Amino acid sequence: MNEKKMIAVIEAVLFAMGDSVEISKLSHVLEVSEEEIRKIVAEMNKKYSEEDRGIYIVELADAVQLCTKPELYEYLIKVAKAPRKYVLSETLLETLSIIAYKQPVTKLEVEKIRGVSCGHAVNRLVEFNLVQELGRLDAPGRPLLFGTTEEFLRTFGVKSLGDLPILDQDQIEDFKKQAEEEAELKVEI
């Protein structure tokens, strides 16, 4: 394998791992000596420096890690502090609407309504700060109760939960029918 290809492999591995990688592992993968890996890493760092790149490779004990140049941290902080945009999939929206209308509600209650496991969806909604833990239900196992947050109200442009659209009985029946049809399709698959 030529040196250009080895550089590409080292860069790819370090980028993908995001953490330090033992030099011995790189040596094994590239089938060259550890000394050769160190030489290539030194050349990579020299090139990064000459080109004033935003990265460098640091050696930690017997491992190497791809890092950001410390003088660029201020820019990273600006990006990290910027508000995160998130996409609510159909699953997340369904779970969120159940929590919004039924709160306080347990995961089990949401799962009974949806007919499928919702642990991941609830966790994502908590991560997006749209849902929060409200406490525990006074029942066996003391399951967590979930409800919406102020961020939920801001995101959906409502001042209070009372401003959520009211579902009439026909809509509820339509939703039940759609849910039953979806459940039947899932059983058939």
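For the structure itself, consult the block above.
Each residue is numbered by its place in its chain's sequence as written, counting from 1. Thresholds applied to this predicted model are a pLDDT of at least 70 for local features of residues and 80 or more for the giving and counting of side-chain atom pairs; totals over whole chains, interfaces and linings are not thresholded and use all residues. Each side-chain value is worked out from all heavy atoms of the structure, with water and hydrogens disregarded.

How do you make sense of the overall build of the chain when you look at a structure like this?
Segments assigned H or I by DSSP are reported as helices when at least four residues long, segments assigned E as strands when at least two residues long, and all are numbered from the N terminus. Scanning the chain from N- to C-terminus turns up nine helices and five strands. Throughout, exposure labels follow a simple rule: accessible area from a 1.4 Å probe, protein chains only, divided by the maximum for the residue type, with under 20% read as buried, over 50% as exposed, and the rest as partly exposed. Within the chain, the fraction of its 189 residues that count as buried is 26%. Taking as baseline every contact in the chain between residues at least 6 positions apart, the subset at least 24 positions apart corresponds to 45%. For the chain, the exposed surface amounts to about 13300 Å²; the carbon and sulfur share of it is 55%. The criterion used for residue contact is that any of the two residues' heavy atoms lie within 4.5 Å. Accessible areas in this description were obtained via Shrake-Rupley with a 1.4 Å probe; residue shielding takes into account the shown protein chains only.

What exactly am I supposed to notice about the nonpolar core here?
Most often, soluble globular proteins have nonpolar side chains that are buried together. With 20 residues, the main nonpolar core has Leu88, Leu96, Ile99, Leu125, Leu130 and Phe152 as its most contacted residues. Contributions of two or more residues to this core are made by α5 (90–102), α7 (119–127) and α8 (150–156). It is α5 that provides the largest number of residues to this core, a total of five residues. Sequence-distant contacts of leucine 96, defined by excluding residues within four places in its chain, comprise Leu88, Leu125, Leu130, Val131, Thr148, Phe152 and Phe156. With 16 residues, the next largest nonpolar core counts Val9, Leu26, Leu30 and Ile37 among its residues. Nine residue types can take part in a nonpolar core, namely buried Ala, Val, Leu, Ile, Met, Phe, Trp, Tyr and Cys, and a core is a set of them joined through side-chain atoms within 4.5 Å.

Which parts of the structure should I look at to understand the side chain of arginine 114?
By secondary structure assignment, the location of arginine 114 is in helix α6 (residues 107–114). Residue classification places arginine 114 among the buried residues on the basis of a relative accessible area of 17%. Excluding its chain neighbours within four sequence positions, the residues that come into contact with arginine 114 are Thr91, Glu94, Thr95 and Ile98.

Please clarify how helix α3 (residues 34–50) should be interpreted in this entry.
Over its 17 residues, α3 runs 24 Å from end to end, which matches the ideal 24 Å to within 8%, given 1.5 Å per residue. Within α3, burial applies to Ile37, Ile40, Val41, Met44 and Tyr48. Angular distribution of buried residues about the axis of α3 spans 100 degrees; they occupy a single face of the element. Across from the buried face of α3, at angles greater than 90 degrees, the exposed residues are Glu35, Lys46, Ser49 and Glu50. Taken together, the buried residues of α3 touch α1 (3–17), α2 (23–30), β2 (55–60) and β3 (63–68). Positive backbone phi, approximately 50 degrees, marks aspartate 52, located one or two places after α3. Given the number of residues in a helix, its expected span is that number minus one, multiplied by 1.5 Å. Comment: arc refers to directions from the helix axis out to C-beta atoms.

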